[in-house]
Amino acid sequence: MALASLTAGFMDAIVGGGGLVLVPALFAAFPDTAGATLLGTNKSASVWGTAASAAQYLRRVRLPWRSLSVAAVLAFGGSLTGAWVVTWVPTDALRKALPVVLGALLLYTLARKDLGLTHQPRFTGKAELAATGAVGLLLGFYDGIFGPGTGSFLIFLFVRWLGHDFLHASASAKVINIMTNLGALLLFGLKGHVIWTLGLAMAVANISGSLIGTRLALRHGAGFVRGAFIAVVSALICKTAYDAFLR
C-alpha cells in the first residue's frame, strides 16, 4: 500500500489521477472492508501529498488567490455534501458515465494542439470569482461522492474554461484538491470510515511521491504537464471502462 500511495502521489502532483492507483489497490487489499471506509482511508493519505505538492508549486507559480480562496471554500462544502451522499446513495451510474466523459475530454485536448501551452486567463473581477467558484463547488461535490479523475477534471476546466496553461492549472488544482480532500475526510472521519494507522503510513509515501512529481512538473513546464495529462487520462479511460463494463 505504501508503494501504491507513492505512485499515486507522483501522478497526482503532476496531473491528478492518483486515485487510479490507490483506490483500486485499497479495494484489492481489503476486499471485505466497507467501500466508504476505503475511500476515507484514501483521503487520509492523499490530502497530505496534495498539500506537500501545493507548497512546492506556490514557491514558483503565482496564483489568483482571491478567486481561489472562494473556490476552495465552496469545494470544501461540495466535498462534504458529496461524501455524505455517498454513504446513502449508490454511484453505479457515475461509474459507467466516467469513461465516456473522460474520453470526450481527451479527444478535445488532442484536437487542440495548443491547448494549455500559454497562460491567458479569460476572466477578471467578479466573473473570475463566479467561474472559479463554480469549478470548486462542482468538482468538490464530485470528489466527495466518487472521486476518480478529480485532479484531471480540475486541470482541464482551469485550462479550457479559465484560460490557464497546464502548469498554472495544475498548481491551482492542488489548492482546491486540498479542500475537497479535507471536506470528504472530515465526513468519513466523523462517521468512523477511516483506518487511521494505514492512512498515516500511506501519507508518508504519498508525500514522497508528490514531491518528486512536483519537481518534475516545475522543471519541465506546461508542455511536459500536457503530455502527462494526456497519458494519465488515457489510462483513466481504460481503467474506468474496465471497472464499469467488463468486471
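Parameters at a glance
- Residues numbered from 1 in each chain as written.
- Predicted model: local features only at pLDDT ≥ 70, side-chain atom pairs only at ≥ 80, totals over all residues.
- Heavy atoms only, no water.
- UniProt positions renumbered as here; feature names shortened; annotations may be inferred.
- Helix = DSSP H or I, 4+ residues; strand = E, 2+ residues; numbered from the N terminus.
- Rg over C-alpha atoms; globule rule 2.2 N^0.38 Å.
- Buried < 20%, exposed > 50% of the residue type's maximum accessible area, 1.4 Å probe, protein only.
- Contact = heavy atoms within 4.5 Å.
- Areas by Shrake-Rupley, 256 points an atom, 1.4 Å probe, with all protein chains shown as cover.
- Lys, Arg positive; Asp, Glu negative; His and termini not counted.
- Charge placed at Lys NZ, Arg CZ, Asp CG, Glu CD.
- Polar contact = N/O pair within 3.5 Å; in protein donor to acceptor, adjacent residues only side chain to side chain.
- Phe/Tyr/Trp six-rings, centres within 6.5 Å; stacked < 30°, edge-to-face > 60°.
- Core = buried A, V, L, I, M, F, W, Y, C linked by side-chain atoms within 4.5 Å.
- Patch = residues over 30% accessible without salt bridge, like charges linked within 9 Å, V, L, I, M, F, W, Y side chains within 5 Å.
- Salt bridge = Lys/Arg side-chain N within 4 Å of Asp/Glu carboxyl O.
- Expected span 1.5 Å × (residues − 1).
- Bend = angle between axes of the 7 residues up to and from the residue.

- Naming follows an unreviewed UniProt entry, where the protein appears as Probable membrane transporter protein of Pseudacidovorax intermedius.
- As recorded by UniProt, the Subcellular location (unreviewed entry) comment attached to the protein reads in full: "Cell membrane".
- Its UniProt record, at the heading Sequence similarities (unreviewed entry), says of the protein: "Belongs to the 4-toluene sulfonate uptake permease (TSUP) (TC 2.A.102) family."

1. Notes on the overall build of the protein
Point 1. A tally of helices and strands in the protein yields nine helices and zero strands.
Point 2. Helices and strands in the protein line up, N terminus first, as α-α-α-α-α-α-α-α-α.
Point 3. The C-alpha atoms of the protein give 16 Å as radius of gyration, which agrees with the globular expectation for 247 residues (18 Å, within 12%).
Point 4. On the principal axes, the C-alpha backbone points of the protein span a range of 50 × 35 × 35 Å.
Point 5. The proportion of buried residues among the 247 residues of the protein is 55%.
Point 6. Sequence separation of at least 24 residues holds for 83% of the intrachain contacts in the protein that already meet a minimum separation of 6.
Point 7. Carbon and sulfur atoms provide 68% of the accessible area of the protein, an area that totals close to 10800 Å².
Point 8. In the protein, 19 positive and 8 negative side-chain charges are present, and the distance between their average locations comes to 7 Å.

2. Re the environment of lysine 113
Point 1. Considering the arrangement of structural elements, one finds lysine 113 in the loop between helix 5 (92-111) and helix 6 (125-145).
Point 2. Once the C-alpha coordinates of lysine 113 and arginine 226 are considered, the two residues, 113 residues apart in sequence, prove to be 9.9 Å apart.
Point 3. Looking at lysine 113, its side chain comes within polar contact range of the main-chain oxygen of leucine 110, at 3.5 Å.

3. A closer look at the UniProt feature "transmembrane region" (unreviewed entry) in the protein
Point 1. Within the UniProt annotation, "transmembrane region" (unreviewed entry) is assigned to residues 6-30, 68-87, 132-159 and 224-242.
Point 2. The straight-line gap between the two end C-alpha atoms of residues 6-30 is 18 Å; of that span, 84% is helix and 0% is strand.

4. Here we look at the environment of isoleucine 155
Point 1. Looking at the secondary structure, you find isoleucine 155 in helix 7 (residues 150-160).
Point 2. Taking the C-alpha atoms as reference, isoleucine 155 lies 7.9 Å from serine 172; in sequence the two are 17 residues apart.
Point 3. If near-sequence neighbours (up to four positions away) are discounted, isoleucine 155 is found in contact with Ile14, Val15, Gly16, Phe166, Ala169, Ser170, Ala173 and Phe229.

5. Quick notes on the packing of aromatic side chains
Point 1. Inspection of the entire model under this criterion finds four aromatic pairs.
Point 2. Plain terms: the ring middles of tyrosine 142 and phenylalanine 153 are 5.6 Å apart, the flat faces sit at 85° to each other, and that makes the pair edge-to-face. Taken together, the residues tyrosine 142 in helix 6 and phenylalanine 153 in helix 7 connect sequence positions 11 residues apart. Each member of the pair, tyrosine 142 together with phenylalanine 153, is buried.
Point 3. On the basis of an interplanar angle of 50° and a centroid distance of 5.3 Å, the ring pair of phenylalanine 166 and phenylalanine 229 is categorised as tilted. Taken together, the residues phenylalanine 166 in helix 8 (residues 166-190) and phenylalanine 229 in helix 9 (residues 196-246) connect sequence positions 63 residues apart. Grouping residues by exposure puts phenylalanine 166 and phenylalanine 229 together as buried.

6. Considerations on the nonpolar core
Point 1. Core analysis: the largest hydrophobic core is formed by 58 residues, its most contacted members being Val15, Ile155, Phe158, Phe188 and Phe229.
Point 2. Setting aside residues up to four positions removed in sequence, phenylalanine 158 forms contacts with Leu68, Thr132, Val135, Gly163, His164, Ala169, Ser172, Ala173 and Ile176.
Point 3. One finds Leu26, Leu38, Ala45 and Leu198 within the second-largest nonpolar core, a separate group that totals eight residues.

7. Structural notes on the side chain of serine 53
Point 1. Summarising the element assignment, serine 53 is placed in helix 3 (residues 35-58).
Point 2. Here serine 53 falls in the buried class, since its relative accessible area comes to 0%.
Point 3. Apart from the residues lying within four places of it in its own chain, the contact partners of serine 53 are Ala13, Lys174, Ser210 and Thr214.

8. Some remarks on a nonpolar patch on the surface
Point 1. Where nonpolar side chains cluster on the molecular surface, the patch consists of Val70, Leu74 and Leu137 and spans about 210 Å² of accessible area.
Point 2. Here leucine 137 shows up in helix 6.

9. So, helix 9
Point 1. Taking 1.5 Å per residue as the helical rise, helix 9 with its 51 residues ought to reach 75 Å, whereas the 32 Å between its terminal C-alpha atoms falls clearly short.
Point 2. At glycine 221, helix 9 shows its maximal kink, close to 125°.

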